[in-house]
Amino acid sequence: MQFHKFFKVTRRTFLKLTGISSAAIVFSNPAAILARAAGRAMIRNDLGVVPDNANATGYSFNLLNIAQVSDVHIVDDCNPLRFENLKLCGKVPLNLSNLDNLIQSISRDQDTYSARIWNATISSINQQHLLTPMDFVISTGDHTDTGIEKELSWYIELADGYKSDTFQIAVDEGCIEDVDPEGFNLPWYAVLGNHDIEYEGTANNEIVVNALVPLFGAETEDLCDQDEAIEKYKTSTSDPWWHGFEHQPPQAYYQWQGYYSFDTNAYVHCIVLNTANYNIEGSPPRETFSLGILDQNQYDWMVADIEANSDKLCLVFSHHSPVTSFLDAQSDIPAEQFMRTLCSYDNVIGHITGHSHINRIDPVMFDDIPGGYWDINTCAIIEWPQEWRNITLRDNGDGTGKISCAMIQHDDQESLGIAFSDEDAQHEMREGQTKDRNVALAFAIPASVKETILANPPENGTVQPEENNNSGATNGSGSGSDSRCFIATAAYGSPWAADVMTLRRFRDRVLYRHLPGRLFIRTYYHFSPGIAGFISSRPRLQSYVRYALFPLITVLNKCGFSI
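In short, a report on the structure. (Residues numbered from 1 in each chain as written. Predicted model: local features only at pLDDT ≥ 70, side-chain atom pairs only at ≥ 80, totals over all residues. Heavy atoms only, no water.)

This model, assessed by the stated rule, comprises 19 aromatic pairs. Pairing Trp-118 with Phe-184 gives two aromatic rings, centres 5.6 Å apart and planes at 75°, and the pair type is edge-to-face. Here Phe-184 lies in the loop between helix H6 (165-172) and strand S6 (188-190) and Trp-118 lies in helix H4 (residues 114-131), a separation of 66 residues in the sequence. Looking at Trp-118, the relative accessible area reads 0%, which means it is buried. Here Phe-520 and Tyr-524 contribute two aromatic rings whose centre-to-centre distance is 6.2 Å and whose plane-to-plane angle is 25°, an arrangement assigned as stacked. (Phe/Tyr/Trp six-rings, centres within 6.5 Å; stacked < 30°, edge-to-face > 60°. Helix = DSSP H or I, 4+ residues; strand = E, 2+ residues; numbered from the N terminus. Buried < 20%, exposed > 50% of the residue type's maximum accessible area, 1.4 Å probe, protein only.)

The structure is reproduced here in structure tokens:
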């Protein structure tokens, strides 16, 4: 037996082995995990917000709690339409690897894991939803990688919690990794991205695509245009029906332009734009090579919608951000005009986007316009670090509010390891800096919104101290600020003792983030009240418990969990 044959492994097996080894390297260092998780939520007040008694509601409570994902990029790896599978005249394979620098989506090591990564992300969101219920999930575009109808079908199926025969066939043929679909346990909304409606996310000109692609033996009928992509969401079996597109305004609904708005409560209005809308009614197709644009009709509708909802806080969602990814030469509305318009309305507090595959948060301000808003860009699910963003809006009760953002990573270590090892991982850039990750972003409560809150007070009807409120992500971690720590509280005599706070921060920033930790927390909360009651009246036993906790607290303090 020849030596090289005995040790021969397939590319798929090699990726699995390297993924497992990379995951072991990345995640086997507990100190490193603790150090990264310990990063406190950075309080950012770039907009210069100050407490304002005139607009103070007196209520400290969460206005909205959502999950944002972006750039899932489900990949049908064997499809002949993908660049790496093209063959000249349907026979001679082409080497298009040099295009990888221009169109990154051509090939990644983790491409065949895309469905598995998406399912792991869905599971991660569902787990967080059990701990701190969220209002909805919104995915800000690029649900597919190639713009193929089959990829979009798989994205929707996995979100619904089932897999079709076509998916199973792809699994059997080795085109995609198998999954056991979990499906979302909360409503989800869809935003269109360039990869959803363009060939490979870059070629929009249908004449060129239809002329060239058949030369390579591929069928362009498999590609989705904008109408077909929007129509596809009607096939979903989960809530809400049509995942937001039902709410398109009349001028968009009948032309299927893919932009809409909706409310989930009395306090917050959500506006969804289609910045990948390249085939605008009444004009020739606009080729922007993956960048974003905003047409005049959509802009006029957005302005009217903001003004019609001046008594609510407004969040704007789109795939592209005018801060980084607009092509002014093709856009009716230049990026600066877009940003200045949002700045001119004091009820617009955030624009939440994707596309760039990096975590980035920027304040948007102009010297001649008071106030401003936050531009929040979230990394890709397909790329390292494969995180989603938990976003919570909160009224502080003093005329200010905050947008708490927390990055949460799924638990599929093999997929994470392969993405980490991908030659295009660009770890530091895509992870973002500290100011782009777990942050609390200050904003001002407008007078009109104050009146809405006072007319629709929170159910408890009282001012809630922030540290005591466990209804949402007040510490920027997405896990709430639950003050329970029964045994330690009994041992130290106060829930606000420094060592108890250290343990609570470790719980919120490490244990809450992973399934084994959450199971431990549930078990602990089941048994600890009785134990705490037993030791609370026994001073000697309290001192023994403090002594037993001392080594753990010492380590946690060194890792940055102290006050």
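Moving on, we come to the nonpolar core. Membership of the largest hydrophobic core comes to 83 residues, with the highest contact counts inside it found for Trp-118, Leu-393 and Ile-403. Counting 25 residues, the second largest nonpolar core, distinct from the first, contains Tyr-259, Leu-294, Ile-333 and Ile-369. (Core = buried A, V, L, I, M, F, W, Y, C linked by side-chain atoms within 4.5 Å.)

So, on to helix H17 (residues 498-509). Here H17 spans 16 Å end to end across 12 residues, near enough to the 16 Å set by a 1.5 Å rise per residue. Burial of H17 is extensive: 10 of the 12 residues sit out of reach of the surface. Those residues of H17 that sit buried are Val-500, Met-501, Thr-502, Leu-503, Arg-504, Arg-505, Phe-506, Arg-507, Asp-508 and Arg-509. (Expected span 1.5 Å × (residues − 1).)

This paragraph deals with the pairing of strand S7 (residues 260-263). One ladder, built from 4 bridges, connects S7 with strand S8 (residues 268-272); its direction is antiparallel. Considered in S8, the bridge of Tyr-260 is made with Val-272. The antiparallel pairing of S7 with S8 creates a hairpin that spans 4 residues between the two strands. (Pairing = 2+ DSSP bridges.)

The 6 strands are arranged S7-S8-S9-S10-S12-S11 in an open sheet whose pairing can be described as mixed. Only two strands of the sheet have a single partner each, and these edge strands are S7 and strand S11 (360-366). Strand after strand, the sheet turns through a mean of 20° between neighbouring axes, direction not considered. Across 6 bridges, S11 lies against strand S12 (residues 369-377) in antiparallel orientation. (Axes fitted to C-alpha atoms, helices over the stretch in contact; angles between N-to-C directions.)

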